[in-house]
Amino acid sequence: MFDDLKKQAARIGERRIETLFQDDAQRASTFSVDALGMLFDYSKTQIDAPLRDDLIAMAQRAGVAERAKAMFSGEKINETEGRAVLHTALRNLDGDAVLVDGADVMPEVLETLDRMETLAKELRGSAIKDVVNIGIGGSDLGPAMATLALAPYHDGPRCHFVSNVDGADIADTLRKCDPETTLFIVASKTFTTIETMTNARTAKAWLAAHGTSADGKFIALSSAVEKAEAFGIPADRVFGFEDWVGGRYSMWGPIGLSLMIAVGPQAFRAFLRGGQAMDRHFLNAAPEENMALMLALVGIWHNQGLGYATRAVLPYDNRLSRLPAYLQQLEMESNGKGVSMDGADLTSHSGPVVWGEPGTNGQHAFYQLIHQGTRVVPCEFMLAAAGHEEDLEHHHHLLVANCLAQSEALMRGRGLDEARSKVADKFKGDELERQARHRVFPGNRPSTTLIYPLLDPETLGKIIALYEHRVFVEGVILNINSYDQWGVELGKELATALGPMVTGEQAVEGKDGSTAQLLDYVHRNAGS
Ligand code: F6P
């Protein structure tokens, strides 16, 4: 399937990225995309003009443009669930008609947005001091990541995020809250997720234990309005959305309510505007100038072309510290699949392992492996030209210098001669040789850098939509369904079956030796 890329890999061989810059004075700008005020620089990869042509041709053959049109126009491209994929409608601020089964979804989208804004405004200056979003996966990671990212714009009540079924999560959060002044948002598309429902019931019990009525203390964000009502949340406190919004793509609509409460309706709209601008760019820009397409093609080259199994997301922006976790769900739940659209086994690897941490923290932790380890990890750096802390500009200068130094170091490396000269005054003979070898950096390690003016709401919207479209393009090229997630089901089923064995209501039967032994250990040691 990726034979052309394999041929390109053989052609390029061990050629060093540095020499590409020596041979072409224009390389940096030729292999960058400058759009929407952001610059995506992929010149520090081995990609050259013939390879880029091949990558673009591959995307065209895969039908990326046609598939994108199908997605935006409400076709049911999530074929295994029979659903449209229309998170883009949630940021379609102009309200142009978007049809699903012949009906325009926009009036309802905009009406829900209005209701969210009314609530977010009402809460400002109200008795509510703390808002606790209870949700998991896509009903948690997006708003939690973005609320932190947009901290400089936070002018609403404090927002907390409870996701884990581990009681430690909700217990530690409730300790910071006053039952009289806390609002709970139960965020669950299905309103059945065990973690979320368990935490929501615990929140209700906490209010009751403090003699506080639950009336007016709960909001639901869900596609299952009747289930929210059965939980005791009246329909007028439910913000609904349709099944064409996938969980990990849902922060643009009601699931983003906690973010809107934190930063206010205006900033939330700016976030949506950023996403919408990226949508238009993705649909209209020529291939070489299309940021999402090129980000995806760099990913395909590294993963499917060169076999690099992971990619590191390294924001030099501390407020993006939850972005790697967010992208793990977005990318790995979307493109971590084993079969193609028609159900046949994939003949290539599916999406890569995505991981990361903000810089400069990562530098003092795992960058050792990135620089000298035997595996190549393509790195995706992100950086704002300016920070919000104007009085701390010197911090930002150091941040910038470190980010740029890392991609330079990864590319250049340090040869044996240079390493030797670094320690020649300390060691001699064989010992000099031995010591020098430990100080060699192979270099020629690829990285990309996405640079933007300032992490403001609109820019965040652009970045998140950029990554959504990257996932889409990679999924189309791999010919997989990026919008289902059957791989999470087996564990859920087995956990449900194990529940009564953990509590002791049911004998441990039919389990493998390891599982039985671990259960036995729990039974013997719980409460000890
Ligand atoms: O188990 C995976 C998953 O379905 C994710 O796709 C989703 O974001 C998360 O669980 C939460 O689902 P819900 O919003 O229905 O509670």
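Structure: see above.
Report on the accompanying structure. (Residues numbered from 1 in each chain as written. Predicted model: local features only at pLDDT ≥ 70, side-chain atom pairs only at ≥ 80, totals over all residues. Heavy atoms only, no water.)

All right, on to the pairing of strand β10 (residues 310–316) then. Counting buried positions over the seven residues of β10 gives six, a clear majority of the element. The parallel pair β10 and strand β11 (residues 353–355), bridged by helix α14 (residues 323–335), forms a crossover whose chirality is right-handed. When β10 meets strand β12 (residues 379–384), the two strands line up parallel, connected through five bridges. The residue of β12 that forms the bridge with Val313 is Glu380. (Buried < 20%, exposed > 50% of the residue type's maximum accessible area, 1.4 Å probe, protein only. Helix = DSSP H or I, 4+ residues; strand = E, 2+ residues; numbered from the N terminus. Right-handed = clockwise from strand over helix to strand, strands pointing away. Pairing = 2+ DSSP bridges.)

Moving on to the layout of surface pockets. Its boundaries defined by the atoms lining it, the largest pocket holds a volume of some 1,300 Å³. If you go around the largest pocket, you meet 41 residues; those closest to its centre are Ile136, Thr190, Thr193, Val488 and Lys492. When residues of the lining of the largest pocket are traced back to their parent elements, those giving at least two are α9 (194–209), α14 and α20 (489–503). Grouping the amino acids of the lining of the largest pocket by side-chain chemistry returns 15 nonpolar, 17 polar and nine charged. Reported here for the second largest pocket is a volume of approximately 480 Å³. The wall of the second largest pocket is formed by 22 residues, among which Gly387, His388, Glu389, His396 and Leu399 lie closest to the centre. Considering every element that reaches the lining of the second largest pocket, the biggest residue donor is helix α16 (residues 393–412), with six residues. Among the residues making up the lining of the second largest pocket, the classes are represented as nine nonpolar, eight polar and five charged. (1 Å grid on protein atoms, 1.4 Å probe; cavity = no way out; pocket = protein on both sides within 12 Å on 5 of 7 lines; lining within 4 Å. Points joined across faces, edges and corners; volume = space filled by probe spheres on them. Nonpolar A, V, L, I, M, F, W, Y, C, P; charged D, E, K, R; others polar.)

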